[in-house]
Amino acid sequence: MWCQSELRKLQDTIAAISALLREAEKRQVEAEDVKDWLKKLKDVVYDADDLLDDFSTEALRRRRVTGRGKRILNEVHIFFSSSNQLIYASKMAHRVMEIRGRIDAIKSDKFDYNVSRSNNLGSFVENRPRPQTYPFDSEPYVIGRENDKKQVVQFLLNPDFEENVSILAIVGVGGLGKTTLARLVFNDESIQKYFELKLWVCVSTNFCVEDILRKIKRECTSGKDLTSMNAVGSQNVLGEELHKKKYLLVLDDVWNENRYEWLKLEGLLVNSARGSKILVTARSRRVATTMTRTFHELSGLPEHDSLTLLMRMAMKHEHELRNQKLDAIAKEILKKCAGVPLAIMTIGRLLLFLSNNEEEWLNFNNNDLSRIDQKEGDIMPSLKLSYDFLPSHLKQCFAYCSLFPKDYELDPLELIYLWMAQGFIRPLDNKKTVEEVGYDYFMELLSRSFFQDIQEDHYGNIVRCKMHDLMHDLAESVAGDICITIDSSHAKSFPKGARHVSITFDLDEIKGFERDQRIRSLFLMVEKRILIAHLEVSYFRNLRALRIRAVNIKAISKSISKLKHLRSLDLSENKELTSLPNSISRLCNLEILNLSSCHKLKGLPRGITKLVNLRQLDLIDCYALTHMPRGIGKLTSLQMLNVFVVGKKSNRNAARLNELSRLAGILLRNKGLIIEGLENVESISSEVDASFSMEKLAIQKLGLHWCPDEVRANAEEVLQRLRPHRDIRGLDILGYDGVRLPSWLSQLHDLVEIRIFVCQQCNHLPPLDHLPFLKKICLDSLDNLECVELSESSGTLQSFYPSLKEIELYNLDKFKGWERRSRRDNRIEQEEDIREEEEEDHSSSYMLCKFVDNVKIDIDSCPKFSYMQGEQLHVSVTTIKLLEQLLRNAADHSDPQPGHHPTNLPSLAVPNPSTSKMTFISITSIPVSALTSLAIDSMNDADHLPMELFQSVPSLKSLAISNWSRLKALSGRAILRYLPALEKLEIYNCEELDLSTEDDDEDDGCGGGEGMHQLQGGHKLRQITITEVHKTRSLPGWFQYLPNLQELTIETCFGLKSLPRRLFLPLLTTLESLSLCDCPELDLSRTGESGDQQDMSNLQFAKLRDLSFWGEKMETLPWWIQHLTNLESLSIRRCTDLKAMPEWFPQLTSLQYLEVYGCEKELTRRCKRKTGEDWPKISHIPRLYVV
């Protein structure tokens, strides 16, 4: 009973200390002795919390055995009810007394330091004075804000608003220049003329309506003294001044989040002329939202503007930086500033006192910005104010983010789970789960600009975000030694006071660290994936969160069970991990278990069903997982389970589908669920209760997966029974072997994304075109799919796929397109399909799908599907008749009307183009002369392209010819002559085509060589890709007429033997990128003999920056490389004859990246760092990759 009483007293004491610490966080503590005293208090709170958690954990373990369900501190007598607990009781009592003694000592220090609640803790943050801002301050260093100014001025001068007063908020982190932008706008000449009255009020941190009104009145009345006037009288004066006047009011530096306070002020400002505007500057969207929904988000300056501002502040000139090789260091320094003008000016002011010495600048660059001494008006003190205004519960969440590296893509859910593990999230009631409250925390930090660069999925969920580099510096600064990152340069011990640690080097090194009992978070974040056979971390006994991601651990020690405080265990992306020890079942506090992307994980330990506190179980992309353990339905705390694998009936340890039905009531907040192993469901009626329905699961996305290699006759019955609720937003179906998909697909009104894979028997899809929110369609490996059905309303004007943004079609051998249902017999009929046996005139009725420009299309291996997108035509059919019809169309309709629909097809009207993302267009209405892109794929009944085709498409900018097995001739000179706008040419997989047979002097009907010379210097072709054109032996002669070619790629051309010097050397003067890959007969070491070097005197090779050789025959690098004065990247792969680097290699002084991969071992040895013979030739290159 003594210990029970002492524990309760300790709880009360810790609660009081925590309240004092929260109070201190609201104030500006400046006295160093007080800071030290508060730090001691924090340390004792941590240790006391560990002690209390020890009691709770032991009680929880025993409740699992005894079945007791009451809270620990109400049942402390569990520990002392029998003699075998005396040792444990004595040990715990000693720890309680030790912590109580430390608290008493700290209490006595309170009087030594003269600390009380009312003194020496400093003033409240919101009462801290902020510098006043004025509208007419000079701005000598404003750079890069012209476009921002233009947009804000455009809003302010816009008269088309219904309300009298419109509001715009300029939002951005501290130091971006919000006040500066507002000042530029305020003083703009057009603004001066447009508004009758202009007012500027600096609001600052204390939003007092009376004070703001007083400032506005003073501005209105030219400084007249109104202090003696009562409130009603002063409001009357303000009303008279603003009445029927068109005014501009700038409210600068607003921090108020109370909408009621704003409405009190707004009500006094609306009695004005229409067209009045209020311009607000604020650091967070949260503040701005109390006043308006219209924001101008201010972003950082681009690199060029940042460098210009830095040089002005540092009083440096561009030639100084270049002469002293300081420009590269300056750009590295600027990365710390992330485009924030105040940060750049802070740095520039400090650089002013440095000499133009490379060593001094490098030393400066090695310091973090937060560690550089700064004045009150500099960047870090400015950002610190945003942190000071955070509520206490958000401050620790923000500081914790410093454990992740800069520029790391943060997962909001991962952050929330980690905050949960540390006990940072405290729900105020039972109306929201811990996860939901954590999401509120994240969104509040986002609204205050602590996070940025958010990425959303198709459903609008935020899945990624980043911290601004300066915010990361701030997080590190405020976290101090509590959250630290350790790399290989640190000593093998944790700093005193560290509680959360991120380690970024070889995992073997962790064994050398002291066994620190204080650490609560351990992140192993190695950049390079390494293989660890066995990981031992049990000596960090107080861990709440362990994150060991993407390091290829093969096994976890069973001693992990000693981490009794562990709440979050992240082992994701360990692709060699095959199993977990069953001892993990002893982690009774575990709430989050992340095993995603553990590709070889075969099963979960049977004891996992004992983890009664488990809330999140992530198994996505665990491809080898064979089943869920029997009893998984006992995990009644689960809030998220994203994969459920139905085991084989013969496996007695495998859960069946009925266990998922037991979890259906608690997985209401599950965002996504994949059910795998559906081929193991022999009878759906015997698997689940009659009351079971997937419609009870209010999930966002559902995946239904069968093994494609196992055929099940009951697939259609199973799929029908697993019908999701009608509000589902994402649906995946994999391996389904039914012939037809169920009609309920057409009833999923809120569907945003549908993906169907490897359904080999399925031959049609039900209508989806009427679904108003469908954004993405993905169909892959549906061998028998011929069509996607159109909805019943397709015969009238309506909107086809009104929200479509992305469509992916892969490996659909029989797919021809979209078809309508015949009203007469309810059967599917192809819409006047082109057939080889049809007469030519029938081809005029062939219908094409036409997508709008902003739909992202990715289509591969669909040999019977043709489509248009904007003015781009992709022809993918097995006959040339369609091309011939295009030519007739071009001859018959010199001015075709886009969107015209033939009158002989009244049953399929073209939908309204303003609301459709996909329409249907007749071959006769294609505007051939206006085409800008043409792709011809899988044409098998002709050996050449008609010359008339090129003459018919003069606007063509992109031409792609692929998978044409019989094509033998392609006139490059005709392409150049008749396609003057062509910029991109791609030729892929044309096995019989020999481009080298075209001679310069042959007359191909386009004017011969004389006509080609007229194009010299004028053709726009910039990019050529030639792939798998095996019969081409050499570059064709028309390459000499490409004065603007910038990118040339030649890949997998087995017959290519030479690059003639008269063609190749001139190309090097224009190319910026050259890639020669897998042409085994091409001997590059003989490309241009030594005598050709005499031709170099009149050629300048200054443009080529990117050069790649993969799998080429060469004993030495081509001699012409030494003349590439601006080459930045050189990749050499699988060039097995190359044994050494040439002597001239050090001349490549601009080279920034060198890759040598899979070459002769001798070359690899010679390039070995510091010891190889060729190391001096390549040591000047910053980025080297030699394997």
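Just above, that's the structure.
Being a predicted model, the structure only gives us computed values, none of them experimental.

**Side note on the side chain of Ser276**
Within the element layout of this structure, Ser276 appears in strand 4 (residues 276-282). Take Ser276: its relative accessible area is 0%, and that puts it in the buried class. Side-chain polar atoms of Ser276 contact the backbone oxygen of Lys245, separated by 3.3 Å. If sequence neighbours within four positions are ignored, Ser276 has contacts with Asn164, Val165, Ser166, Phe195, Lys245, Lys246 and Tyr247.

**Some thoughts on the packing of aromatic side chains**
Applying the stated criterion across every chain, the model contains 25 aromatic pairs. Ring centres 5.4 Å apart and planes at 80° place the aromatic pair Phe800 and Phe920 in the edge-to-face group. Highlighted residues: Phe800 in the loop between strand 23 (787-789) and strand 24 (806-810) and Phe920 in strand 30 (residues 918-922), separated in sequence by 120 residues. Residue classification places Phe920 among the buried residues on the basis of a relative accessible area of 4%. With a centroid separation of 4.9 Å and an interplanar angle of 40°, the aromatic rings of Trp1038 and Phe1039 are classed as tilted.

**A few points about the pattern of salt bridges**
Evaluated as defined, the whole model comprises 50 salt bridges. Of the charged contacts in the structure, one is a salt bridge between Lys701 and Asp732, with a shortest N-O distance of 3.9 Å. In this pair, Lys701 sits in strand 18 (residues 701-705) while Asp732 sits in strand 19 (residues 730-734), placing the two residues 31 residues apart along the sequence. Notably, a salt bridge pairs Lys776 with Glu808, separated by 3.7 Å at the nearest N-O pair. Taken as a pair, Lys776 in strand 22 (residues 776-780) and Glu808 in strand 24 lie far apart in primary sequence, 32 residues in all. Look at Lys776 and you get buried, because its relative accessible area is 11%. The class of Glu808 is buried, set by a relative accessible area of 14%. Overlapping salt bridges, with partners in common, bring together Asp49, Asp50, Asp53, Arg520, Arg544 and Arg567 in one network.

**With respect to the state of the cysteines**
For the structure on display, the rule yields 0 disulfides. Cys1053 carries a free sulfur, and the closest cysteine sulfur to it, the one in Cys1079, is 4.9 Å from it. For Cys1053, a relative accessible area of 2% translates into the label buried.

**Quick notes on empty space enclosed by the protein**
Following the criterion strictly, the structure yields 5 cavities of 30 Å³ or more and no others. Here the second largest cavity defines a volume of roughly 90 Å³. In terms of lining residues, the second largest cavity is bounded by Val254, Trp255, Glu257, Arg283, Ser284, Val287, Ser386, Phe389, Arg448 and Phe450.

**Topic: unusual backbone geometry**
With a phi angle near 55°, Asn811 is a residue other than glycine that sits in the positive phi range. Note on placement: Asn811 falls in the loop between strand 24 and strand 25 (817-819). The phi torsion at Lys1170 lies on the positive side, around 70°, for a residue other than glycine.

**A short note on the sheet that holds strand 19**
One open sheet accounts for 8 strands, arranged 16-17-18-19-20-22-24-27; its pairing is parallel. Looking at the sheet topology across the chains shown, the edges are occupied by strand 16 (643-645) and strand 27 (856-860). Put simply, the sheet's adjacent strands are angled 5° from each other on average, direction ignored.

**With respect to helix 9 (residues 259-266)**
One turn of an α-helix holds 3.6 residues; hence residues three or four places apart share an orientation. Within the sequence span of helix 9, burial applies to Glu261, Trp262 and Leu265. Down the axis of helix 9, the buried side of the element spans an arc of 100°, and every buried residue falls inside it. Structurally, helix 9 contributes buried residues whose contacts are with strand 1 (165-171), helix 7 (209-220), strand 3 (247-254) and strand 4. The opening residue of helix 9, the one whose side-chain oxygen lies 2.9 Å from the backbone nitrogen of Tyr260, is Asn258.

**Here we look at the nonpolar core**
In terms of nonpolar packing, the biggest core is built from 112 residues, with Trp818 and Phe851 touching the most fellow members. Setting aside chain neighbours within four positions, we find Trp818 in contact with Val788, Leu790, Tyr801, Ile807, Cys849, Phe851, Phe865, Met918 and Phe920. One finds Leu883, Ile921, Tyr1041 and Leu1048 within the second-largest nonpolar core, a separate group that totals 91 residues.

**Describing the pairing of strand 10 (residues 521-524)**
Burial of the side chains of strand 10 extends over both faces: Ser521 and Phe523 are buried on one face and Leu522 and Leu524 on the other. For strand 9 (residues 500-503) and strand 10, the ladder comprises 4 bridges, and the chain directions are parallel. By the bridge assignment, His500 is partnered in strand 10 with Ser521. Examined bridge by bridge, strand 10 and strand 11 (residues 545-548) share 4 bridges and lie parallel to one another. Residue pairing for strand 11: Phe523 is matched across the bridge by Arg547.

Each value, and the rule that gives it
Residues numbered from 1 in each chain as written. Predicted model: local features only at pLDDT ≥ 70, side-chain atom pairs only at ≥ 80, totals over all residues. Heavy atoms only, no water. Helix = DSSP H or I, 4+ residues; strand = E, 2+ residues; numbered from the N terminus. Buried < 20%, exposed > 50% of the residue type's maximum accessible area, 1.4 Å probe, protein only. Polar contact = N/O pair within 3.5 Å; in protein donor to acceptor, adjacent residues only side chain to side chain. Contact = heavy atoms within 4.5 Å. Phe/Tyr/Trp six-rings, centres within 6.5 Å; stacked < 30°, edge-to-face > 60°. Salt bridge = Lys/Arg side-chain N within 4 Å of Asp/Glu carboxyl O. Disulfide = S-S within 2.5 Å. 1 Å grid on protein atoms, 1.4 Å probe; cavity = no way out; pocket = protein on both sides within 12 Å on 5 of 7 lines; lining within 4 Å. Points joined across faces, edges and corners; volume = space filled by probe spheres on them. Pairing = 2+ DSSP bridges. Axes fitted to C-alpha atoms, helices over the stretch in contact; angles between N-to-C directions. Arc of directions from axis to C-beta. Core = buried A, V, L, I, M, F, W, Y, C linked by side-chain atoms within 4.5 Å.

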